[in-house]
Amino acid sequence: MISGRILAVLAGSLVSLQNIFNSKVNERAGSWATTALVLGMGFLASLVIGLLFEGAELSVLEKMQPWYWFSGLIGVGVVICLVQGIRLLGPTYASSVVLSAQLGFALLWVSLGWFGLEQVPFTFKQVVGVLVLVGSIIVFKFGGKYEAQESSKQPA
C-alpha cells in the first residue's frame, strides 16, 4: 500500500515535470512536433528498457482486447490537449483541471464498469470528494483575485 502511494506521488511529479518540458518544447517546435518528439522518445526508451528487463517477453501480447491497442492514439490526444491547455491556462491551472477531469472520469468509468474495470458502486462520498477537488481549483484560480483587488483599493 505504501509503495503504491509512493509510486503514485512519483508519477504525479513526473507528469507535472513532463507538462512543463512539453510546454517549453511547444514554444519552439509547435504542438505536433512536440507530440512526435515526446511520444517518439517515449517509444524508444520503453522499447530499449523493455528489451533489457523483459527480453523476448516484451512482445507477448496474448489475451489482450483489441481496443487496448489504441492507447497510443489516446496518448497523442493527451499530449496535444495538455500542451494546448498549458499554453492557454498556464501549467498549474491546466494541471488542476486535468486532475479533476481524470478523477471524475475514472469515477464514472469504474462506477459503470467500463473498459474491463471491476464495477465499484457509486457513492455519495465519492461525489463529494470530486466536488471538493473542483471547489479547491475554483478557490485556487479565483480566490486571490478578490484579495488583490481589495488591497489595491485601500490607501497606502
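Residues numbered from 1 in each chain as written. Predicted model: local features only at pLDDT ≥ 70, side-chain atom pairs only at ≥ 80, totals over all residues. Heavy atoms only, no water.

Draft legend 1. Structural context of the packing of aromatic side chains. Tallied over the entire structure, the rule returns three aromatic pairs. Their ring planes at 90° and their centres at 6.1 Å tell us that Trp 114 and Phe 115 sit as a pair that is edge-to-face. Here the aromatic residues Phe 105, Trp 109, Trp 114 and Phe 115 are joined through ring pairs into a cluster of three or more. A cation over an aromatic ring shows up here: Lys 141 above the ring of Tyr 93, its NZ or CZ 4.7 Å from the ring centre. (Phe/Tyr/Trp six-rings, centres within 6.5 Å; stacked < 30°, edge-to-face > 60°. Lys NZ or Arg CZ within 6 Å of the ring centre and 35° of its normal.)

Draft legend 2. Examining unusual backbone geometry more closely. Even without glycine at this site, Phe 115 takes up a positive phi of about 60°. Along the polypeptide, Phe 115 turns up in the loop between helix H4 (91-112) and helix H5 (124-153). Given a relative accessible area of 47%, Phe 115 falls into the partly exposed group. (Helix = DSSP H or I, 4+ residues; strand = E, 2+ residues; numbered from the N terminus. Buried < 20%, exposed > 50% of the residue type's maximum accessible area, 1.4 Å probe, protein only.)

Draft legend 3. Molecular detail of the side chain of Thr 35. Counting through the fold element by element, Thr 35 comes out in helix H2 (residues 31-54). Ignoring any residue separated from it by four or fewer positions in sequence, one finds Thr 35 in contact with Gly 40, Val 76, Val 79 and Ile 80. (Contact = heavy atoms within 4.5 Å.)

Draft legend 4. Inspection of the packing of helix H3 (residues 71-89) against H4 at higher detail. Across the interface, H3 lies against H4 with an axial gap of 7 Å and an inter-helix angle of 130°. In terms of orientation, H3 lies oblique with respect to H4. When you trace H3 past H4, the crossing you get is right-handed. Between H3 and H4, the contacting residues are Leu 82, Gly 85, Ile 86 and Leu 89 on the first element and Pro 91, Tyr 93, Ala 94 and Val 98 on the second. Taken together, the residues that form the contact of H3 with H4 break down as seven nonpolar, one polar and no charged. (Axes fitted to C-alpha atoms, helices over the stretch in contact; angles between N-to-C directions. Parallel < 35°, antiparallel > 145°, perpendicular 65-115°, else oblique. Left-handed = near helix turned anticlockwise from the far one by under 90°. Nonpolar A, V, L, I, M, F, W, Y, C, P; charged D, E, K, R; others polar.)

Draft legend 5. Region of the structure containing the side chain of Ser 23. Tracing the sequence through the fold places Ser 23 in helix H1 (residues 2-29). Taking relative accessible area as the criterion, Ser 23 reaches 14% and is therefore assigned buried. A polar contact of 2.8 Å, which involves the side chain of Ser 23, links it to the backbone oxygen of Ile 20. (Polar contact = N/O pair within 3.5 Å; in protein donor to acceptor, adjacent residues only side chain to side chain.)

Draft legend 6. Examining H1 more closely. Counted at 1.5 Å a residue, the expected span for H1 with its 28 residues is 40 Å, and the 40 Å between its end C-alpha atoms agrees. The complete set of buried residues in H1 reads Asn 19, Asn 22, Ser 23 and Asn 26. Among the residues trailing H1, Gly 30 stands out with phi positive, at a value near 90°. (Expected span 1.5 Å × (residues − 1).)

Draft legend 7. Examining the layout of surface pockets more closely. If you add up the space inside the largest pocket, you get close to 880 Å³. Along its surface, the largest pocket is lined by 31 residues, and Ile 74, Val 78, Leu 82, Val 98 and Gln 102 are the ones closest to its centre. Put simply, the parts of the chain that give the lining of the largest pocket at least two residues each are H1, H3 and H4. Counting residues per element, the ones that place at least two in the lining of the second largest pocket are H1, H2 and H3. (1 Å grid on protein atoms, 1.4 Å probe; cavity = no way out; pocket = protein on both sides within 12 Å on 5 of 7 lines; lining within 4 Å. Points joined across faces, edges and corners; volume = space filled by probe spheres on them.)

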